[in-house]
Amino acid sequence: MKYLPLLAVVAIFALGRSNGLAAAEAPYQFMTPGSEIDRRAAALVREMTLAEKIGQMTQVDCNALLNREEITKYFLGSVVSGGSSDPQAGNTARDWADHYDAHQQPALLTRLKIPMLYGVDAVHGHNNVIGATIFPHNIGLGATRDPALVEAMGRVVAREIAATGVDWTFAPGVIVARDERWGRTYESFAEEPALVGELGAAFVRGLQMPSLADPTAILACAKHFLGDGGTTGGVDQGDTRMEEPELRRVFLAPYLPAIRAGVGSIMVSYSSWNGLKMHGHRYLLTDVLKHEHGFRGFLVSDWAAIDQLPGDFKSDIATSINAGLDMVMIPNGPHGKPSGKPNTYVEFITYLKELVQAGRVPLARIDDAVERILRVKLEMGLFEHPFTDRSLLSEVGRPAHRELARRAVRESLVLLKNENRTLPLAKTAHRLVLAGNGADDLGRQCGGWTISWQGKPGKVTEGGTTILEAFRQSVGPNCEITCSADASAAKGADAVVVVLAEDPYAEGKGDRHDLALPPGQLAVLRNAKASGAPVVLVLLSGRPLILDAALGLADAVVAAWLPGTEGRGLTDVLLGDHAPTGKLSFSWPRSMAQIPVNVGDATYDPLFPFGFGLTYGQIRK
Ligand code: GLC
């Protein structure tokens, strides 16, 4: 039916109708936008060649492309920017909008003009982009217990993403982190599945809006399915060993609210369940997720994750696609970065075509995968509106968004100790001293997945406020704020605020065997204590840390997690404009020997339990 002249198509319909026959399915080109999505998707698949179908299932990192013409040549369905894959031109919102449009253009030069989806890890704001609003990471959002806030955050993050053209974020992490030694604990809302499910669904609603057709709706991606946070020892990409009932109770349960919220994509986990890699797990990916729970979106792999399957690349492809994977994320290119690695997108396309032609991957599986992908693209209105709406560029980092992030910071803070009503501090104090490696460091406030994959200390972006800057902006005119990195110049101060931070990390690079405060950081606390002034310890961390002696050295202790760019959210609470309301979403262990320790354990005696959090007796101006 390809390219039938319009008249012929009308004739076929008329003939069909007049003879009482069911109208033949119109060829895709002649179905108008707004036709029932499933029919349009099915009609389009019927038009497609095998090469075009396989191209839709292929997602390539922008830096791995030999050139952008490859998008046309291989009919690529998606391009991804990994945590550090930024536009060559620069990292402003406008650079991203140009970058997005430059990758969409070649997709529309293909025979069927199927637009590509561009995916990024906007996990706590549009965190690749300079000047974007950076929110608290999920561990802080979990402490807010505020789904309405998280949904509002999702809405704001979506507007900032849409401003750059990008269509898709690999968020929310619907992660139940059960062992704080894991470097991805901060990407988890909580150790408790119901809270994870509630906040994950809220984030999906915020990102995707009631309809993905909204011009600022962004495709969400619940991740990483299944059991990523349950690996033995908290080892990243490790093995989650448990019986199926517990796996369903702890790790599957939080996905169900996200599916009910209409999440359009789900990313598969690197990890294994009882020794079997999730990327090859047909029972969980297809039987449980797609059939038992009716997930109608599409499954995307993690970064080069199918390479971890046993066997060679070609068998990895067969195993993962037959297990139910619909789109494969491939960061390796023929001449791109990381260069020189095997298992490139060209090999993927070649091998998958051979596998289908050899009958090792059924064409029906390919068609199912492509229909899932196309349904999402059609729902998003991508065919009708494939390019960036640049009228949205002013959304990135706008004051109203930063105010919401500031509120999220406030609500995320958990007051663990407050002896002698040390907090709130008085704005009319004579002198306050800030100390510690996190006192004046935006990069440490934001943590990993900020501007670069791993994040880094220092001034990583524009528009943020460090804690020191926030104090200077908040106290009265007669209050002197000084910064003494090691707290050695604190004598005589009204109080010393010691901000101790983990250095930024992401994924397995954050796996730790020891979560005790480094000796150098304890020394700062000892100096502060020796000054004789009240000591407030603020922790900037991706997880509970082992406090030990630190708890006795501080008069007040606040868990601030990884709050992001809006440091004023901390001073709003520390200086008493708002009382702390945060509640722990992770049990706080006494020692490494206690880890893993999770609410509901048979023996449960953490330093601070799940749900713990103090507030102020009264707010003192
Ligand atoms: C990473 C992470 C995943 C992320 C993906 C793309 O390895 O596991 O969370 O979405 O690659 O950056």
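Each value, and the rule that gives it
Residues numbered from 1 in each chain as written. Predicted model: local features only at pLDDT ≥ 70, side-chain atom pairs only at ≥ 80, totals over all residues. Heavy atoms only, no water. Domains from an automatic or database assignment. Contact = heavy atoms within 4.5 Å. Salt bridge = Lys/Arg side-chain N within 4 Å of Asp/Glu carboxyl O. Polar contact = N/O pair within 3.5 Å; in protein donor to acceptor, adjacent residues only side chain to side chain. Helix = DSSP H or I, 4+ residues; strand = E, 2+ residues; numbered from the N terminus. Nonpolar A, V, L, I, M, F, W, Y, C, P; charged D, E, K, R; others polar. Pairing = 2+ DSSP bridges. Axes fitted to C-alpha atoms, helices over the stretch in contact; angles between N-to-C directions. Near = heavy atom within 4 Å. Areas by Shrake-Rupley, 256 points an atom, 1.4 Å probe, with all protein chains shown as cover. Parallel < 35°, antiparallel > 145°, perpendicular 65-115°, else oblique. Left-handed = near helix turned anticlockwise from the far one by under 90°.

**Student:** Please clarify how the domain arrangement of the protein should be interpreted in this entry.
**Tutor:** Many analyses report the size of an interface as the accessible area lost when the parts associate. When the domains of the protein are assigned, the result is domain 1 (6-24 + 49-390) and domain 2 (413-594). The centre of domain 1, based on its C-alpha atoms, is set 36 Å off from the matching centre of domain 2. Between domain 1 and domain 2, the contact holds 41 residues from the first and 36 residues from the second. Linking domain 1 to domain 2 there are 1 salt bridge. One salt bridge connects Glu-507 with Arg-184, and the closest N-O pair in it is separated by 3.6 Å. Linking domain 1 to domain 2 there are 27 residue pairs in polar contact (both at pLDDT 80 or more). Counting residues per element, the side of domain 1 that touches domain 2 draws most heavily on helix H6 (residues 138-144), which supplies 4 residues. Here the residues of the side of domain 1 that touches domain 2 sort into 16 nonpolar, 16 polar and 9 charged.

**Student:** I'm lost on unusual backbone geometry in this one. Help?
**Tutor:** Among all residues except glycine, the phi angle is most often negative; among peptide bonds, the trans geometry is most common. Here Phe-225 and Leu-226 are connected by a cis peptide whose omega angle stands at 15°. For Leu-226, the location among the structural elements is in the loop between strand S5 (221-225) and strand S6 (239-240). Residue Pro-424 follows Leu-423 across a cis peptide bond; omega there is 0°. Counting through the fold element by element, Pro-424 comes out in the loop between strand S12 (414-418) and strand S13 (431-435). In this structure, Glu-507 takes a positive phi of about 55° despite not being glycine. With respect to the helices and strands, the residue Glu-507 is situated in the loop between strand S15 (495-501) and helix H18 (519-530). With a phi angle near 55°, Trp-561 is a residue other than glycine that sits in the positive phi range. If you trace the backbone, Trp-561 turns up in the loop between strand S17 (556-559) and helix H20 (568-574).

**Student:** Help me understand the sheet that holds strand S10 (residues 298-300), please; the structure alone is not making it clear to me.
**Tutor:** Each strand in a sheet pairs with its neighbour through backbone hydrogen bonds, running either in the same direction (parallel) or in the opposite one (antiparallel). Overall, parallel pairing links the 3 strands, which are arranged S5-S7-S10 in an open sheet. Since the sheet does not close on itself, it has two edges, and those belong to S5 and S10, each with one partner. Adjacent strand axes in the sheet meet at a mean angle of 30° when their direction is disregarded. As judged from the 3 bridges shared by strand S7 (residues 265-268) and S10, these two strands associate in the parallel manner. Opposite Ser-265, over in S10, you have Phe-298 as the bridge partner.

**Student:** What exactly am I supposed to notice about the site of the ligand here?
**Tutor:** Close contacts around the ligand come from 13 residues, with Asp-121, Arg-184, Lys-223, His-224 and Asp-302 the closest. Here Arg-184 contributes a side-chain N or O atom positioned 2.8 Å from an oxygen atom of the ligand. Coverage of the ligand by the protein amounts to 96% of the 310 Å² it exposes when considered alone. For the shell around the ligand, the per-class residue count stands at 6 nonpolar, 2 polar and 5 charged.

**Student:** What exactly am I supposed to notice about the packing of helix H12 (residues 313-323) against helix H13 (residues 345-357) here?
**Tutor:** When two helices pack together, their arrangement is given by the angle between their axes and by how far apart the axes lie. Where H12 contacts H13, the two axes come as close as 9 Å, and the packing angle between them is 65°. Classified by the angle their axes make, H12 and H13 are roughly perpendicular. Judged by the sense of rotation from one axis to the other, the crossing of H12 with H13 is right-handed. Touching Phe-313, Lys-314, Ile-317, Ala-318 and Ile-321 of H12 are Glu-347, Phe-348, Tyr-351, Leu-352, Glu-354 and Leu-355, all from H13.

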